[in-house]
Every structure is written in structure tokens, then in C-alpha cells.
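Listed here are the chains, written in short residue letters.
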Amino acid sequence: MEGKMSWTVADAVDYKGFPADRSKTGGWMPAALILGIEICERLSTMGIAVNLVTYLGGTLHLPSSTSANVVTDFMGTSFLLCLLGGFLADTFLGRYKTIAIFSIIQTLGTGTLALATKLPQLRPPPCHGSHTCKQANGFQMGILYIALYLIALGTGGLKSSVSGFGTDQFDEKDEKEKAQMAYFFNRFFFFISTGTLMAVTVLVYIQDEVGRSWAYGICSVSMFVAVLIFLSGTKRYRYKKSLGSPIVQIFQVIVAAINKRKMELPYNVELLYEDTPETSRIHHTDRFRFLDKAAIVGEGDLERNVGPAAAPNPWKLCPVTRVEEVKMMVALLPIWATTILFWTTYAQMMTFSVEQASTMERSVGGFQIPAGSLTVFFVAAILITLAVYDRLIMPLWKKWKGKPGFSSLQRIALGLALSTMGMASAAIAEVKRLEVARATGASATTETLPVTVFILIPQFFLVGAGEAFIYTGQLDFFITQSPKGMKAMSTGLFLTTLSLGFFVSSLLVSVVKSVTGGSNGGQGWLADNINHGRLDCFYGLLAVLGVINFALYIVSAVWFRPRKSKPAALQMDTIVNGSSTAENKC
């Protein structure tokens, strides 16, 4: 019997619900089947996002500011829905069903988008002269929004579960499988990078030179094939039971504390309720003492329901450890808030920077670089920065400081600083572009200006290098400084900075357009035609906001009291290799 049990995985079951047989389930092959879903998700989402602004402006004839907001709202919603997907996976569906359902939803979304860009009835007629452009009507925009937000919903569900279900295929208690998991992390990061590179090069080229409907059709078909491949491994997967959503646990503490807001805290913290096993307890701290009221034992709180395993109502009484977990999450919020602006800066790389590129000389020999493919420099900057940091900076830093690399807070600071420099560089490049536009009398964004697009490379590289630092820094920070039982929740909190960054971008664009509408000859900073606007001022505003935000971040970082890190658990190379994995957990 003991020999037989050694072939089972303690915390996993097979598709029939029996203990998972180690020899027949899990391991690298089932995990590899899951990777196809991820590369197709990246191909679809990034391939649409980086080049959508040119379609909205050039084909649907929307103003530049409106086009930018459509893209940033789409991306922001994609990341925000990751929380919904994670909640459904943790509480109701499980990761397998969540992946299957939401990948089908994304397939429907890309298919709908292919039809929306193919059928003439779903787009306005072409322009005949500079003043006869008819904008897309409500019905045409409605079909587009249905397609985009089906894709966003699918992305949110997938990103919440793909990496987690992949790691479920390995047993961390087995040394051989633990090593295989590290290999899976490497491949996961590689597949995300591959999907992104294919999106900003091959897919964008097909959109511009062959047809958008063909490109989006490829996305839909590839996702459908990936779903079939994923389902083919049903009998080989390992499944782990859902443990419930930590969001509910957080609300339980908050509700209990609010209900007991008028009660006085005991003079001795030992009188607060605690039922957590000694080995798992978190010691009481003096911060955010209001939340301690959730652990005050009131009249009737200790009355238990029928059954030996029954416990007090968690909406009325919470143990000290649960309260301290919520305190730890609250302590993350200042750092969380001051990293949102980076992703607002990031949003410009897929909107206004692409629109800038579309007006500039992009020829290399006889080849015309698609405007959306300029983001390849952004992806290259990320990979180069990670490689240089891993192979050069980390060894030197270890020799000098005796530490394996910059701390998570230092990396976040570097990311914020580089993104601010990127916006300053973008403002300078736009000044040059506008000078050329005015000198040549360019009246339309479709006119190619005699200025090389490569003057935009510094802004892509600076913001890309900034993402390499801030992404890994945020990931490290939110994983190591969160409670053990809320790792997925804290990663979801990290992902909301991306979501809110895109939404803040949309809000900022709307506010700037409204406030500056009477300036610049009535055009404002963000004119419908960027050749008549002052995009340089908008970039300058983002740079100034970046400086102010950086100062607030420094104050927050000094105030924050970090937990003691676990040796070698989250060195930079581990974070880099596993970054995309944690990205997709919500």
C-alpha cells in the first residue's frame, strides 16, 4: 500500500477525482499543452492593441484622442477582468474549466473582430478629400466594442489561470518535478516573448499589407486549435481543489471591524481571538489598529454551529492572523498607488507613439516598416535589459554589496525614473516632428513627413527598460511582502496597476483635451490631427507628473517596513524566469 501511495500526488486528483497517479498525470508534457493557449492569447491581445489605433483613425475616422482611449480602455479592461477570472477560478470553476471557457470566449471575440474589419457594412466609406471623412456610426462602433470586450473577457479569464494550471502539473515536494517546474517557467517566459514579438512584427505586417480581417482570422483559428490541443490533455492533467477566494477573507475582516467599530480594544492583545495553529500564526502588529476590532470577542461570537469542525462566523469574528494578513495587504497600497502612473506612460507606447510613427519616414531600403511594429524596439529593450541585469549587473552588485541584485523597491524606483526620462525624450522627439510638419505644411496625418521614425527609438527603449525593472520589481514586491495564503490575490493587486494605468491614460487624455480645447488656435494639445496639436506638451505633462509621482514613491518606500525576505527564494533570475507566470495569476 505504501509503495502504491508513493506514486500518487498528495494534493492533486485526476480528471475522475481520484488521487493523481504520478506516472500517468502531470509533468512537462501536459504543461506543454497549456503553453499553446498562452502564445495565442499574447498573439491576439498584443497584435490587436499595438496597431488598433491606426485602424480606428484611418478606417473608422475617429479623432486621435478617441482612438487612444478606445485602445487604453480595451487593455485596461483586459487586466481588470483578470480579477474576475481569478475569483471564478478560485471559488467556482477551477482553473481547467476557466481556461476552457474563456479561451472559447476569446476565440469568438477575435472571430467577431475579423468580421467587423471585413464586412463593408461595418465600417464607414473611405475618405474623399480631407474634409469628407465620415465617422463610424453607433452600430458599427457597437459591433467593434462587442468584439473587443469579448477578447478582453477571454484574456482576463485566461491570464488568471493559465500559469497556475501549468504549475499544478508539477509536485514541488518532488525534486525532479521541482526542477521541471523551473524549466516550465523558462519556457513560459519564452512563449510570452515569442507571442509578443510575432504580434508586433508578423501580425502587424499582415494587418497593414494583406488585410486586418486575415490577421484577426489567423488569431481566431490559432486560438481554436490551441483550445483543441488543450482539451486533448484532459486525461493527463492534474487538478487541485479550489481553496476559496482571499477577496472574501479580506471583506470578512473589514465587515467584522466595521460592525465592532464602537467596541474598545482590550488592554492586552493576548485577549484578541486567535485559533490559527502556532506554526502558521502571524504576530500582532500595531499598525492599522482599527482592523484589530475584527478579533475582539463579543457576546455570542464563540457560539459554534453544529459539527466538530464548525468555527465562529467569520463575518463576525476573525483570528488575529487573518487580521494581520489584511494589514499586510493594506500596507502594500501606497507602493501600489505610486506605480500606476508608469503604466499610464506605458499606454502611450501603443497609442500616440504609434500614431507619431505613422506620419514619419519608415522605409529601410525597399521595405516599409509598419507603424505598429515600432514596438519591437520596446520588446527588445525589455529583453536586453533583463539579460544585462542578469549577466552583468547582478554579479557586480553581489561582489560590491554582497547582495544578489537590487531590492524590489530599488527596481521599481529605476523603472519609474526611466519611464519619466522616456516621456521627456518623447516630448523632444515630438518637438522635432512638429517642426518638420509645420515647415512642410503637412495638413493630414496620412502625409509622410521627411523625418526618420528612428528618432522615436529612445522613448521606446527607455520605457521598455523601465518595464523590465518595474515589472520584476513589482512582482517580487507583491509576492514576498504578501501573506502566504494571498499570493495570487497580491499578484492580482499588481495587475490592477496595469489596468488602472490604462484607465488613467484615458481619463488624462479626456481631461487634457477638454482643458486645452480653447488653446492652440482651438485645436488643443490633442487635436484630431496630431500635426495640428501639441503632443509634445502632453508628453511633457506626463514627465512632470512622473517627477511628482517619483517623489511620492520615495516617501512611500521609506515608510514601508518590509518583511524579512527568504534566502534565495526570489532572486532576480527566478523572478525573471517566473515573471510571466505570476503575471497571469490574479
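In the block above lies the structure referred to throughout.
None of the values given here were measured: they were computed from a predicted structure.

Looking only at helices and strands, one finds 19 helices and six strands in the chain. Looking at the chain as a whole, 53% of its 586 residues qualify as buried.

Following the criterion strictly, the structure yields ten salt bridges and no others. Between R42 and E41 there is a salt bridge, and its shortest N-O distance comes to 3.1 Å. One exposure class covers both R42 and E41, and it is buried. A salt bridge links R534 to D536; the nearest nitrogen and oxygen atoms lie 2.8 Å apart. For R534, a relative accessible area of 26% corresponds to the partly exposed category. Within this structure, D292, E324 and K327 form a network of salt bridges that share partners.

This brings us to unusual backbone geometry. The phi angle at H61 is positive, at roughly 60°, despite the residue not being glycine. Tracing the backbone through its elements, the reader meets H61 in the loop between α3 (52–58) and α4 (64–93). Its relative accessible area of 11% is what places H61 among the buried residues. We note that F288 has phi near 50°; this positive angle belongs to a residue other than glycine. Along the chain, F288 falls in the loop between α9 (246–259) and α10 (320–331).

A few words on the pairing of strand β1 (residues 8–13). Summarising the sheet, β1 and strand β2 (residues 19–21) pair through two bridges and their orientation is antiparallel. Following the sheet pairing, V13 is matched in β2 by P19. Between β1 and β2, which pair antiparallel and follow one another directly, the connecting turn spans five residues, one of which, G17, has a positive phi of 95°.

On to the packing of aromatic side chains, then. Here a ring pair, both rings aromatic, is described through the centre-centre distance and the interplanar angle of the planes. Summed over all chains, the structure comprises 25 aromatic pairs. In textbook terms, an aromatic cluster arises when at least three aromatic residues are bridged by ring pairs, as seen for F79, F342, W343, Y346, F378, Y471 and F502. One residue, R287, lies across the ring of W559, its end atom 5.1 Å from the ring centre.

Right, let's talk about a nonpolar patch on the surface for a bit. A cluster of nonpolar side chains, namely V248, F251, I254, I258, F290 and W315, defines an oily patch on the protein surface of about 510 Å² accessible area. When you line up the elements, V248 lands in helix α9.

Contact geometry of helix α5 (residues 95–118) with helix α8 (residues 212–232) gives a least axis separation of 8 Å together with a crossing angle of 160°. What the angle tells us is that α5 and α8 run roughly antiparallel. Considering only the axes of α5 and α8, their crossing is left-handed. Here the contact of α5 with α8 is built from residues that sort into 13 nonpolar, nine polar and two charged.

With that settled, the discussion passes to α4. Taking 1.5 Å of rise per residue, 30 residues should cover 44 Å, and α4 covers 40 Å from first to last C-alpha, within 8% of that figure. Directly after α4, the chain includes G94, whose backbone phi takes a positive value near 85°.

Covered by surrounding structure in strand β6 (residues 449–452) are L449 and V451 only, the residues P450 and T452 on the alternate face being uncovered. In this sheet, β6 lies alongside strand β3 (residues 360–361) in parallel orientation, the contact comprising two bridges. By the bridge assignment for β6, M360 is matched with L449.

Here C127 is to be found in the loop between α5 and α6 (138–167). For the pair C127 and L60, spaced 67 residues apart in the sequence, the C-alpha separation amounts to 10.0 Å. Setting aside chain neighbours within four positions, we find C127 in contact with H61, T132 and C133.

A few words now on the environment of D286. Within the secondary structure, D286 is located in the loop between α9 and α10. A C-alpha to C-alpha distance of 9.9 Å links D286 and V269, two positions 17 residues apart in sequence.

A few words now on helix α2 (residues 28–49). The first and last C-alpha atoms of α2 sit 31 Å apart over 22 residues, in line with the 32 Å expected at 1.5 Å per residue. The buried fraction of α2 amounts to 17 of the 22 residues, a majority that puts the element mostly inside the structure.

For the rest of this paragraph, the subject is the nonpolar core. Buried together is how nonpolar side chains tend to be arranged in soluble globular proteins. F538 and Y539 are the most contacted members of the largest nonpolar core, which totals 110 residues. With ten residues, helix α15 (residues 408–440) is the single largest residue contributor to this core. Counting residues in each nonpolar core, the second largest holds 17 residues, with V13, I37, A226 and Y239 among its members.

Moving on to the packing of helix α12 (residues 340–348) against helix α16 (residues 457–480). One way to put it is that α12 packs onto α16 with a least axis distance of 11 Å and a crossing angle of 145°. In the packing of α12 onto α16, the handedness of the crossing is left-handed. In this structure, α12 uses F342, W343, T345 and Y346 to contact α16, whose residues at the interface are V463, G466, E467, I470, Y471 and Q474. The residue makeup of the contact of α12 with α16, split by class, is six nonpolar, three polar and one charged.

Here is what the cut-offs are and how they apply
- Counting of residues starts from 1 at the beginning of each chain's written sequence and follows it residue by residue.
- Confidence filtering applies because this is a predicted model: local features only for residues at pLDDT of at least 70, side-chain atom pairs given and counted only at 80 or more, and all residues used for totals across whole chains, interfaces and linings.
- To obtain the side-chain values, all non-hydrogen atoms of the structure were included, while hydrogens and water were left out.
- Strands are runs of DSSP state E lasting at least 2 residues, helices are runs of H or I lasting at least 4, and numbering of each runs from the N terminus.
- Under the scheme applied here, a residue whose accessible area is under 20% of the maximum for its type counts as buried, over 50% as exposed, and between as partly exposed, the area being computed with a 1.4 Å probe on protein chains only.
- Salt bridges are counted wherever a side-chain nitrogen of Lys or Arg sits within 4 Å of a carboxyl oxygen of Asp or Glu.
- Should DSSP find at least two bridges between two strands, the strands are regarded as paired.
- Two rings belonging to Phe, Tyr or Trp (six-membered ring only in the last case) form a pair when the distance between their centres is within 6.5 Å. Interplanar angles under 30 degrees mark stacking, angles over 60 mark edge-to-face geometry, and anything in between is tilted.
- Geometrically, a lysine NZ or arginine CZ counts as sitting over a ring once it is within 6 Å of the ring centre and also within 35 degrees of the ring normal.
- Like charges within 9 Å and nonpolar side chains (Val, Leu, Ile, Met, Phe, Trp, Tyr) within 5 Å are joined into patches, using only residues over 30% in relative accessible area that form no salt bridge.
- Using a 1.4 Å probe, accessible areas were evaluated by the Shrake-Rupley method; residue-level cover was limited to the displayed protein chains.
- Think of each axis as a best-fit line through the C-alpha atoms, taken over the contacting stretch in the case of a helix, with angles from 0 to 180 degrees between the N-to-C directions.
- Note on angle classes: values under 35 degrees are labelled roughly parallel, values over 145 roughly antiparallel, values of 65 to 115 roughly perpendicular, and the remainder oblique.
- With the far helix as reference, a near helix turned anticlockwise by less than a right angle produces a left-handed crossing, and one turned clockwise produces a right-handed crossing.
- Residues are grouped as follows: Ala, Val, Leu, Ile, Met, Phe, Trp, Tyr, Cys and Pro are nonpolar; Asp, Glu, Lys and Arg are charged; every other residue, Gly included, is polar.
- Expected helix span is taken as 1.5 Å per residue step, with the number of steps being one fewer than the number of residues.
- In what follows, a contact means two residues having at least one pair of non-hydrogen atoms within 4.5 Å.
- As used in this record, nonpolar core signifies buried Ala, Val, Leu, Ile, Met, Phe, Trp, Tyr and Cys residues forming a set joined through side-chain atoms within 4.5 Å.

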